[in-house]
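Each chain, written out:
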Amino acid sequence: MQGDFSDMAGEGARRVSVTIAGAGLAGSLLACLLAQRGYKVQVLERRGDPRRSAGTAGRSINLALAERGRYALRQAGLEEQVMEIALPMRGRQVHPLGRPSEFHAYGLSDSEAIWSLQRARLNGLLLDAAERAGAQLRFDAAVADIDFTARSITLEQGGERLGYELLVGADGADSAVRKALGKQVDLGQACQYQEHGYKELEIPAAEAGGFRLNSDALHIWPRGGHMCIALPNIDGSFTATLFLHLQSDQADTPNFAALGKAADAQRWFAAAFPELYALMPDFADDYDTHPVGMLGTLSLKQWHGFGNVVLLGDAAHPMVPFHGQGMNCALEDAVALTRHLLEGTSLPAALAAYQAECQPNAGAIQAMALENYTEMSQRVSSAEFALERQLSSWLEQRYPERFVSRYRMVTFSRMPYLIAFERGKLQSDLLRQATQGRRSFEEIDLAWVAEHVRERIPRLPATFNPTP
């Protein structure tokens, strides 16, 4: 990962005007970064201005801001402002059924935390910053058609036609730009839909103010094939999310289709998550009014076309939310694309370099996000997982030059996702072998572990430095 690009000249690239479809998090940050650096930027958003409406209540999982996202915000001078509306989560609070909850720290110290953010608040802040930087924002401006030969966009409202020099599709998983580009260019699309969906619920703040649960954690209620999570908000509430099969032919597999409306869902939820249900006085209203969200992973072999059209964030690589990295990865995209444009190479070369840097890493975090569902819904409450965590912590303290947990590499550093993924596989194999058949830490052959760490786990790059 290359460093700060604030001092790059790139005067040749500055002549390109940029049209961004999508005023979500990635599109807004990109608009801000480019406008701050002298680009003429126009943002087209199909919806109304989210700063003036309730927006997508009931459709959004809370965001977990990590070091990658914080770095991206620093490049726009926005980190301090964003951190004022964020809450630290220093670990997972795991709530097994019928057993006391347990706290699993994310890092080796309290300084290593992820930060809970409400999407609407962050999106509004980024849009304000983009506007201040000089970007033109147009809402209710949905893309209906794109003529790539004429380099023009037709809007749904009134059939207005707009020319472009560089078109960035930052319009989310259901990207209109990607769909139009895919009709002209073989993007190599491969889609994997998740058999689970999600529904947002709420834990309100306590009557006297404050939180009903520990605010210092991301809460997980693992139940095997399904789970609930809850993230704190600065007003004392928690945004909870139920992950459940969409449908199932198995009578003993709970699913959204079988549960139907809140009357049936309420009885099942109260039995599956009794202490959580007790904290949700508005469960029935939330369940009936909040839609079921879909989850899926889409990979593309090609992120750009025609030398002047490129995809960004969820438009290029939608992923499931189980590693909390979708936003961080998208913001990292915005930084990378800005840097390659600033380097002053030709526009087609800049887009190709952006894809070459970001595409392998996006594929790696997509894979890790899928893997993490099994960990969160099942393994976090198992004795095997607890023993692996204990050995992992021992190794991190004993061999910090070689062993850093995959979660820490992904979350508290800017190590490329692909490297973290590959190192994580080596480390996971070692942990499983060392703990297999063992019931306690004392039974682990630490001499064998030490020998194999040195043999199998390469030294970390000298530049590697997790967030202090």
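So, a few notes on the structure that sits alongside this text. Everything numeric in this text was worked out from a predicted model, so none of it was measured.

Here we have three strands laid out as an open sheet, ordered β9-β10-β11, and antiparallel in their pairing. The open sheet has two free edges, formed respectively by β9 (143–147) and β11 (161–163), since each of these has just one partner strand. Across the sheet, the mean angle separating the axes of adjacent strands is 25° when strand polarity is ignored.

This part covers the packing of helix α1 (residues 25–36) against helix α4 (residues 119–133). With their axes 8 Å apart at the nearest point, α1 and α4 run at an angle of 25° to one another. Between α1 and α4, the angle falls in the class roughly parallel. α1 and α4 meet at a crossing whose hand is left-handed. Touching Leu 25, Ser 28, Leu 29, Ala 31, Cys 32, Ala 35 and Gln 36 of α1 are Arg 119, Leu 122, Asn 123, Leu 126, Leu 127, Ala 129, Ala 130 and Ala 133, all from α4.

Turning next to the packing of aromatic side chains. Taken as a whole and judged by the stated rule, the model has 18 aromatic pairs. Measuring from ring centre to ring centre gives 5.6 Å for Phe 283 and Tyr 287, while their planes differ by 25°; the resulting arrangement is stacked. Taken together, the positions of Phe 283 and Tyr 287, both in helix α9 (residues 283–289) and four residues apart, correspond to about one turn of that helix. Relative accessible area serves as the criterion here: at 3%, Tyr 287 is assigned to the buried category. For the ring pair Trp 303 and Tyr 354, a centre distance of 5.7 Å and an interplane angle of 55° mean the geometry is tilted. Taken as a pair, Trp 303 in the loop between β17 (293–299) and β18 (304–305) and Tyr 354 in helix α11 (residues 347–377) lie far apart in primary sequence, 51 residues in all. On the basis of relative accessibility, which here comes to 1%, the residue Trp 303 falls in the buried class. Overall, Tyr 354 belongs to the buried group, its relative accessible area being 0%. A cation over a ring is seen here: Arg 414 above Tyr 71, with NZ or CZ 3.5 Å from the ring centre. The ring of Phe 421 has Lys 425 lying over it, and the distance from NZ or CZ to the ring centre is 4.8 Å.

Among the nonpolar cores identified, the biggest contains 96 residues, and Ile 20, Val 41, Leu 166, Val 168 and Leu 337 are the most heavily contacted of them. At 10 residues, the largest contribution of residues to this core is made by helix α10 (residues 326–342). Other than its neighbours up to four places away in sequence, Ile 20 contacts Gly 27, Leu 30, Ala 31, Val 41, Gln 42, Val 43, Leu 44, Val 168 and Ala 170. With 23 residues, the next largest nonpolar core counts Ala 240, Phe 269, Ala 272 and Leu 276 among its residues.

Once that is clear, we can look at the pairing of strand β14 (residues 218–222). Summarising burial for β14: five of the five residues are buried, a large majority. Neither face of β14 is left uncovered, since the one carrying Leu 218, Ile 220 and Pro 222 and the one carrying His 219 and Trp 221 both have all their residues buried. In this sheet, β14 lies alongside strand β5 (residues 91–94) in parallel orientation, the contact comprising three bridges. Bridged to Arg 92 within β14 is Leu 218.

How each quantity is defined
Residues numbered from 1 in each chain as written. Predicted model: local features only at pLDDT ≥ 70, side-chain atom pairs only at ≥ 80, totals over all residues. Heavy atoms only, no water. Pairing = 2+ DSSP bridges. Helix = DSSP H or I, 4+ residues; strand = E, 2+ residues; numbered from the N terminus. Axes fitted to C-alpha atoms, helices over the stretch in contact; angles between N-to-C directions. Parallel < 35°, antiparallel > 145°, perpendicular 65-115°, else oblique. Left-handed = near helix turned anticlockwise from the far one by under 90°. Contact = heavy atoms within 4.5 Å. Phe/Tyr/Trp six-rings, centres within 6.5 Å; stacked < 30°, edge-to-face > 60°. Buried < 20%, exposed > 50% of the residue type's maximum accessible area, 1.4 Å probe, protein only. Lys NZ or Arg CZ within 6 Å of the ring centre and 35° of its normal. Core = buried A, V, L, I, M, F, W, Y, C linked by side-chain atoms within 4.5 Å.

Honestly, it's all geometry; don't read function into it.
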